[in-house]
Amino acid sequence: MDIISEPGGILILDTWSTGKLELVFMSSMESLAQLEVLCEKLYNSRDSAERAHAESTLKCFSENSEYISQCQYILDNASTPYALMLASSSLLKQVSDRSLSLQLRLDIRNYVMNYLAARGPKLQNFVIVSLIQLVCRITKFGWFDDDRFRETVKEATDFLGLPNIAMPMTLHRKIASSFKDQFLLQIFQISLTSLNQLKTEAPDDFRHVPLDLALKCLSFDFVGSPVDESSEEFGTVQLPASWRPLIQDPATVQIFFDYYKVNDIRVSKEALECLVRLASVRRSIFVEDPARSQFLSHLMSGTKEILLTGQGLADHDNYHEFCRLLGRFKVNYQLSELLNVEFYSEWIGLVAEFTTRSLLSWQWASNSVYYLLSLWSRLVTSVPYLKGETPSLLDETVPKITEGFITSRINSVQAILADDSLENPLDNVEVLQDQLEFLPYLCRFQYQSSSLYIINIIEPLLQAYTERSRLLAPGDADELSVIEGQIAWMVHIIAAILKIRQTVGCSQESQELIDAELSARVLQLISVTDTGVHAQRYQELSKQRLDRAILIFVQNFRRSYVGDQAMHSSKQLYARLSELLGLNDHLVLLNVIVGKIATNLKCYAECEDVIDHTLSLFLELASGYMTGKLLLKLESVKFIIANHSRENFPFLAEYRCSRSRTTFYYILGSLVFMEESPVKFRTFMEPLQQVALKLEATADAALRTDVAKHAFIGLMRDLRGIAMATNSRKTYGLLFDWLYPTRMPLLLRAISVSTDEPEVTTPLLKFMCEFVLNKAQRLTFDSSSPNGILLFREVSKIIVAYGSRILLLPNGTDIYGSKYKGIWISLTILSRALCGNYVNFGVFELYGDRALADALDISLKMTLSVPLSDILAFRKLSKAYFGYMEVLFNNHINFVLKLDTNTFVHIVGSLESGLKGLDTGISTQCASAIDSLAAFYFNNITAGEGPPSPASVNLARHIGEFPNLFAQILKTLFEIILFEDAGNQWSLSRPILSLIMTSEQMFSDLRAHILASQPVDQQQRLSQCFDKLMTDVNRNLEPKNRDRFTQNLTTFRHDFRLK
């Protein structure tokens, strides 16, 4: 009999296994009733102080294994569900640390199973769920420890989906595989047996239980990668071969069709979900063709009956699942197999009618139509490969579906205008993309007839739209909005067709000619949209939707017929366009496109969507080598480059569009730099220079006015775009000479005056972040040039000015926007400047220049001003911080070692926290920094010869005050390697070797600690794994030695994790 006394104020007698407990409550908790009151406060109190007190008092139950006995007492005697919840959740945490003995875990498992059987129906749902999680966790962690844990499968059938970070993913998969092989089929058979038994005698509210069980079995992760139901790539259910007899039994499919007929929406929906998964079963599960054909026939027969009766399809969930079921037929079966089913012709006709009705019900079935169109597109793309003479009937059905789709979209425009509550699909890019993804395949299947249908619809619309442009007044605005909406749909449809150049089954020349006919209508439209009355409608949503549709058409047309690869492969198309519109080559066509781009940029001053989409198209054109060269020949492009002022492009004056300025000037900069002409560059920069001169002449106080701020923000965004376009040493030099030294004082003034205004400082800092980035070795100065040093001095001034002021500002409600954002951009600037390889930093100390020291000092103060919890919470801040630390430890470790010990330990501790994070990139950066530190210790202290340097003395002092610092990091690294699935094992191996080299005793102690935590029967084998880890590894940090250790570590990890 044990006597346990703990700080929680409870004395416990006896052990778990006897079940005879006596509790003596001390002064802080005089009765079980008091514990129940505390539990209620823990889960229900709205007073944070009360909750914190209750949590502090009760946390001993989950942190100390000696409190496990009390948890049983609470479960047996407590009357409130909150006390039961405390006991259950505490036990869950206790068993999760995996340090409990085998017998104790078995005892807990048996007790909880009996407890659920005896009291389960009377418990609250949240208590039941917690207890089931407890059983699942014990079972999972003990799966390979004792066969008795596997007996739980008879009562608990779905425990594998509970994740726990303490268990490696490989072990998750290993347990899942064992469970799948031994028990999953039995569970599925139990669900089918239950379905048959309960089909007639069970109440409706109970029938879904075996269905839910069957669905979970069929949804099991059979191959170790979760099924993404929105993707067809992983859409096949990889059932094991042992399931074959059950799947081939017609009764298996029939039972789910029978349950679908039950007048219970939940039951019928789950029955359809099971059928969707059965229809997705891998083809190879059927060894012989007759078995597969019989299975397919049964599925088609069941769906045919549903199509005939329409039973259950009035419910939206059922309708959606049924569409998914139909969509699976062509994913898993070939068209020839469908044709061989006796009633194929009747089935395909019913599916066609159902699809047409669904298309016309666009308000109700918009998300479900995707699966139906997917089915038809897969069917038509299979026709060229079809052998035999059996008619597919697609020639008759597909054109009707195509016409139904087009008609329904045209009709939807009027309905949406009449009902403001309806969402317009033209405003939702994702919905629009889904709806148009498969249509091109259907159109190109019978391209001649489909194109004629499209032309017959769009021609009258274009004629009406052209006539409206000639009127003096717009007339009926609603009628014009309908025409624009209908044309927008037709342009989107033509754009989708051009996106996919499908030539299988018909000649490329004939397709090109039809493409030309359709394209000519849209190109003709471009010349009309910005003339007459239409030039007054840029504020109208319908006009904006139409122009967005035209931009998408131009993008798709360009990718297919304009560009480096399509210059000489589309002669038929240009010949026909020349006949229709006089557009006989790429250059003339590009002139039309750029004209539309320029018009949009001039006229859409306040519509960010159209501006952004237009700039995206312009960027595509400018980014291509051949199209970029062609653009420079166009007068319209020359005009834009020579007249890029806000007078010509009003969107530049709109503050809401200021983000678009960066893209605009990136495009113009790319075009200007194609010729690398200093004269043209200076001419191009003239408007920006005038803005800069005005700002330079402005007093400090006036810089804080809205007019000056907006002008400065625009200038910074413009310069950032131009800096992004400099990709060579010569082009970067042009921008550098323009900025330095005349423009840099303005930047320093602005950041000093407006430190508390992030809308000003953020664009400035982001420009500097781009300006100091040495991409493509563009920051390569002559050997006699001081430009690299001069640039860093300016960077240092800006960072010091910003940092020294931002630290004095109080924390606001939006601390990220007001402080953290500027801090992480500043750290990124310094990181890029410090590792850009264009500055010899030794020069600064040699000549007594404080630029480097001041920049490092203020950057450190900024990082220390941010709590580590906030660094880890904000993703961008976290990446910038750890990236900067990597640069410091790799390139400027002497600065780090000069710090006081507490600061040094805080920084190294933050690196350990970064190692534990989920971001592989951050973990790699932390590993690199730790490797540099440990390597410095080994080379200068452990293996150092001669008098120690000041940096070595500092490091020895730090480690002397915190001797466990390296040991804790090494322990963390080994835990990650052994118990987690790290994707950067190579990077983590580097600091492990360096740390081992610093102290053999530290490694020996860690080895003993790890072995002691493992089962006794495994310790000898694991000790041998540690011996092999250092095989052929010498006491140095040479690259070959590091690579050998990395190979050994991979083997060590594999062998260690074997059971």
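Residues numbered from 1 in each chain as written. Predicted model: local features only at pLDDT ≥ 70, side-chain atom pairs only at ≥ 80, totals over all residues. Heavy atoms only, no water.

### Structural notes on the nonpolar core
Rule in force here: As used here, the term nonpolar core means buried Ala, Val, Leu, Ile, Met, Phe, Trp, Tyr and Cys residues forming a set that is joined through side-chain atoms within 4.5 Å. Here's how the labels work: a residue is buried when its accessible area is under 20% of the maximum for its type, exposed when over 50%, partly exposed in between, all with a 1.4 Å probe on protein chains only. Strands are runs of DSSP state E lasting at least two residues, helices are runs of H or I lasting at least four, and both sets are numbered from the N terminus onward.
Membership of the largest hydrophobic core comes to 307 residues, with the highest contact counts inside it found for Phe-256, Met-768 and Phe-974. It is helix H23 (residues 477–499) that provides the largest number of residues to this core, a total of 14 residues. Counting 37 residues, the second-largest nonpolar core is a separate cluster that includes Ile-68, Leu-106, Val-112 and Leu-123.

### Looking at unusual backbone geometry
Following Tyr-740, the chain continues into Pro-741 via a peptide bond in cis, with omega recorded as 5°. In this fold, Pro-741 is placed in the loop between helix H34 (729–739) and helix H35 (744–753). Positive phi outside glycine occurs at Glu-676, with the angle close to 50°. If you trace the backbone, Glu-676 turns up in the loop between helix H31 (658–673) and helix H32 (678–696).

### As for the packing of helix H36 (residues 758–771) against helix H37 (residues 787–806)
Short version of the rule: In this analysis, axes come from line fits to C-alpha atoms, helices being fitted only over the stretch in contact, and the angle between any two N-to-C directions falls in the range 0 to 180 degrees. Each angle gets one of four labels, with under 35 degrees taken as roughly parallel, over 145 as roughly antiparallel, 65 to 115 as roughly perpendicular, and the rest as oblique. Here is the rule for handedness: rotate from the far helix to the near one, and if that takes an anticlockwise turn smaller than a right angle the crossing is left-handed, while a clockwise turn gives right-handed. The contact criterion used throughout is that any non-hydrogen atoms of two residues lie within 4.5 Å. Side-chain classes follow a simple rule in which Ala, Val, Leu, Ile, Met, Phe, Trp, Tyr, Cys and Pro form the nonpolar group, Asp, Glu, Lys and Arg form the charged group, and the remainder, Gly included, forms the polar group.
It is at 12 Å that the axes of H36 and H37 come closest, and there the two elements cross at 155°. With respect to their mutual orientation, H36 and H37 come out roughly antiparallel. For the pair H36 and H37, the crossing hand works out as left-handed. Contact with H36, carried on its side by Thr-761, Leu-764, Leu-765, Met-768 and Phe-771, involves Leu-791, Val-795, Ile-798 and Tyr-802 of H37 and no other residues of that element. Each residue belonging to the contact of H36 with H37 can be placed in one class, and the counts come to eight nonpolar, one polar and no charged.

### What about a positive patch on the surface?
Keep this limit in mind: Here a patch means residues that are over 30% exposed by relative accessible area and free of salt bridges, tied together within 9 Å if like-charged and within 5 Å if nonpolar (Val, Leu, Ile, Met, Phe, Trp, Tyr). Areas reported as accessible are Shrake-Rupley estimates using a 1.4 Å probe. Residue values count occlusion only from the protein chains shown. Just to be clear on terms, a salt bridge is a Lys or Arg side-chain nitrogen sitting within 4 Å of an Asp or Glu carboxyl oxygen. Positive: Lys, Arg. Negative: Asp, Glu. His and the chain ends are not part of the count. By convention, charge coordinates are those of NZ in Lys, CZ in Arg, CG in Asp, or CD in Glu.
Positive charge collects at one region of the surface, where Arg-659, Arg-875, Lys-876 and Lys-879 lie side by side. Looking at which element gives the most residues to the positive patch, the answer is helix H42 (residues 875–891), with three residues. Looking at where Arg-659 falls in the secondary structure, it is placed in helix H31.

### Observations regarding the confidence of the model for the protein
How we decide: Each residue carries a pLDDT score, the predictor's confidence in it, ranging from 0 to 100.
Looking at the protein as a whole, its pLDDT mean stands at 87, while 92% of the residues score no less than 70. At the level of individual helices and strands, the protein shows its lowest average pLDDT in strand E1 (residues 3–5), which scores 30, and its highest in H36, which scores 97. Throughout residues 156–166 the model reports pLDDT below 50, and contacts reaching past four residues in sequence, or to other chains, amount to 28 contacts. Note on residues 226–234: pLDDT is under 50 here. Beyond four places in sequence and across chains, it has eight contacts.

### Comments concerning the packing of H31 against helix H33 (residues 706–725)
In the contact formed by H31 and H33, the axes pass within 7 Å of each other and the chain directions differ by 40°. For the element pair H31 / H33, the angle class is oblique. Where H31 crosses over H33, the two elements pack in a sense that is right-handed. Listed contacts from H33 to Ser-658, Arg-659, Arg-661, Thr-662, Tyr-665, Tyr-666, Gly-669, Ser-670 and Phe-673 of H31 are Gly-714, Leu-715, Arg-717, Asp-718, Arg-720, Gly-721, Ile-722, Met-724 and Ala-725.

### With respect to the pattern of salt bridges
Opposite charge on two side chains permits pairing when their charged atoms draw close. Going through the model one piece at a time under the given rule, you end up with 49 salt bridges. A salt bridge links Asp-289 to Arg-292; the nearest nitrogen and oxygen atoms lie 2.8 Å apart. One end of the pair is Asp-289 and the other is Arg-292, both in helix H13 (residues 289–309) and three residues apart, which spans about a single turn. With a closest N to O distance of 3.2 Å, Lys-775 and Glu-770 form a salt bridge. Its relative accessible area of 24% is what places Lys-775 among the partly exposed residues. Looking at Glu-770, the relative accessible area reads 11%, which means it is buried.

### Observations concerning the packing of aromatic side chains
Under the convention used in this document: Ring pairs shown here join Phe, Tyr and Trp side chains whose ring centres sit within 6.5 Å, with only the six-membered ring taken for Trp; geometry is labelled stacked below 30 degrees between planes, edge-to-face above 60, and tilted in between. Think of it as a cone above the ring: NZ of Lys or CZ of Arg counts as a charge over the ring if it is within 6 Å of the ring centre and within 35 degrees of the ring normal.
If you walk through the whole model with that rule in mind, you get 44 aromatic pairs. Considering the side-chain rings of Tyr-82 and Phe-126, the 6.0 Å spacing of their centres and the 25° angle between planes classify their relative orientation as stacked. Here Phe-126 lies in helix H7 (residues 125–141) and Tyr-82 lies in helix H5 (residues 81–96), a separation of 44 residues in the sequence. For Tyr-82, a relative accessible area of 22% puts it in the partly exposed group. Residue class for Phe-126 comes out partly exposed when judged on its relative accessible area of 35%. Judged by centre distance (6.2 Å) and plane angle (50°), the rings of Tyr-665 and Phe-684 are tilted. Of this pair, Tyr-665 sits in helix H31 while Phe-684 sits in helix H32, and the two are 19 residues apart along the sequence. As far as burial versus exposure is concerned, Tyr-665 and Phe-684 are alike and both buried. One cation-aromatic arrangement involves Arg-409 over Phe-405; the distance from NZ or CZ to the ring centre is 4.6 Å. The residue whose ring lies beneath Arg-743 is Trp-738, and the NZ or CZ to ring-centre distance is 5.4 Å.

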